[in-house]
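# Structural overview
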Amino acid sequence: MRSLMEFLSDKWWMVFPLMAFAGRWAGGWRRSAERRHRRRVELHALKNQAVEAEKASTAEVGALMATHDATNRRWLEYELDVGKLIDFPLMTDVREPLTVAFLRAKREADGQRPANAEDLRSVSGLDAYRQAVNNFAVALDVAEREARRIRDSKFSGPERERLATARKLLMIAENSAATPAERQAAYKRVRRELDGLIALPDVTLAALEEKLAPELDAGPRAAQLHGG
């Protein structure tokens, strides 16, 4: 201990370089710690940005669902309107490749659709849904253009006459000024004229029968009353 004290008393001047060295070391350690902290903060921010970048915008999903709904409504105009199917029979003809293509595209879009906009959170899922909706809209556009171009040209002369007759009868069936008996008879004849020409989807028939339900019910009741 004594020798150490003698050494320190003899080498007191070394305290200053040692203090300077200690100060530089402490400063270097502090700067290194600050750099490590900044890197951790930056990495955390980058991770958060990456997570946010992978999230789909709820507003964007909602807008895409609205486009999907609008395209479905365009298709339902054919499914729920016998008159439009008589005018453009290709739209329900599953023998036509363009009809098959847009029905397949519709199924794909419906399958990709989320129940709610908030349910679709990934960018990859949004991209897949967007592509499916776009394919559906384009396929429907193509099928509509072709249906309007050819109309009833693929039918023979007698078949076109039957379609024209069905169109006139449909006007009577849907005419509220006609009697229930006239509307009921016209409806039945529409079905006969179209049999074998146009395959009416069940939903189309259901929509027409719902529209004519009071008249279809009134006809038998009137007959019963008359017979009684």
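Going by the structure above, here's the rest.
Rules used in this analysis
- Residues numbered from 1 in each chain as written.
- Predicted model: local features only at pLDDT ≥ 70, side-chain atom pairs only at ≥ 80, totals over all residues.
- Heavy atoms only, no water.
- Helix = DSSP H or I, 4+ residues; strand = E, 2+ residues; numbered from the N terminus.
- Phe/Tyr/Trp six-rings, centres within 6.5 Å; stacked < 30°, edge-to-face > 60°.
- Buried < 20%, exposed > 50% of the residue type's maximum accessible area, 1.4 Å probe, protein only.
- Lys NZ or Arg CZ within 6 Å of the ring centre and 35° of its normal.
- Axes fitted to C-alpha atoms, helices over the stretch in contact; angles between N-to-C directions.
- Parallel < 35°, antiparallel > 145°, perpendicular 65-115°, else oblique.
- Left-handed = near helix turned anticlockwise from the far one by under 90°.
- Contact = heavy atoms within 4.5 Å.
- Nonpolar A, V, L, I, M, F, W, Y, C, P; charged D, E, K, R; others polar.
- Salt bridge = Lys/Arg side-chain N within 4 Å of Asp/Glu carboxyl O.

## Quick word on unusual backbone geometry
One non-glycine residue, arginine 151, lies in positive phi territory at about 45 degrees. Within the secondary structure, arginine 151 sits in the loop between α6 (123–150) and α7 (157–173).

## Here we look at the packing of aromatic side chains
In this structure the tally under the stated criterion is two aromatic pairs. Ring geometry for tryptophan 75 versus phenylalanine 102: centroids 5.1 Å apart, planes at 70 degrees, classification edge-to-face. Of the two residues, tryptophan 75 sits in helix α3 (residues 58–79) while phenylalanine 102 sits in helix α5 (residues 97–112), which places them 27 residues apart along the sequence. You'll find tryptophan 75 and phenylalanine 102 in the same group, each marked buried. In this arrangement the basic side chain of arginine 148 is found over the ring face of phenylalanine 88, its NZ or CZ atom lying 4.6 Å from the centre.

## Observations regarding the packing of α5 against α6
Relative orientation of the contacting elements α5 and α6 amounts to 155 degrees, with a least axis distance of 8 Å. By the angle between their axes, α5 is roughly antiparallel relative to α6. You can see that α5 and α6 cross each other, and the crossing is left-handed. Side by side, α5 and α6 meet where Leu98, Ala101, Phe102, Ala105, Lys106, Glu108, Ala109 and Gln112 of the first sit next to Ala128, Tyr129, Ala132, Val133, Asn135, Phe136, Ala139, Leu140, Val142, Ala143 and Glu146 of the second. Its residues assigned to classes, the contact of α5 with α6 comprises 14 nonpolar, two polar and three charged.

## A look at the pattern of salt bridges
Taken as a whole and judged by the stated rule, the model has 14 salt bridges. The closest approach of N and O atoms between glutamate 77 and lysine 84, which form a salt bridge, is 3.3 Å. Across the pair arginine 191 and glutamate 209 runs a salt bridge whose closest N-O atoms are separated by 3.7 Å. You can see arginine 191 sitting in helix α8 (residues 180–194) and its partner glutamate 209 sitting in helix α9 (residues 202–227), a full 18 residues away along the chain. Take arginine 191: its relative accessible area is 36%, and that puts it in the partly exposed class. Exposure remark for glutamate 209: the relative accessible area of 34% places this residue in the partly exposed category. Ionic contacts of the salt-bridge type, sharing partners, join the residues Glu60, Asp127 and Arg130 into one network.

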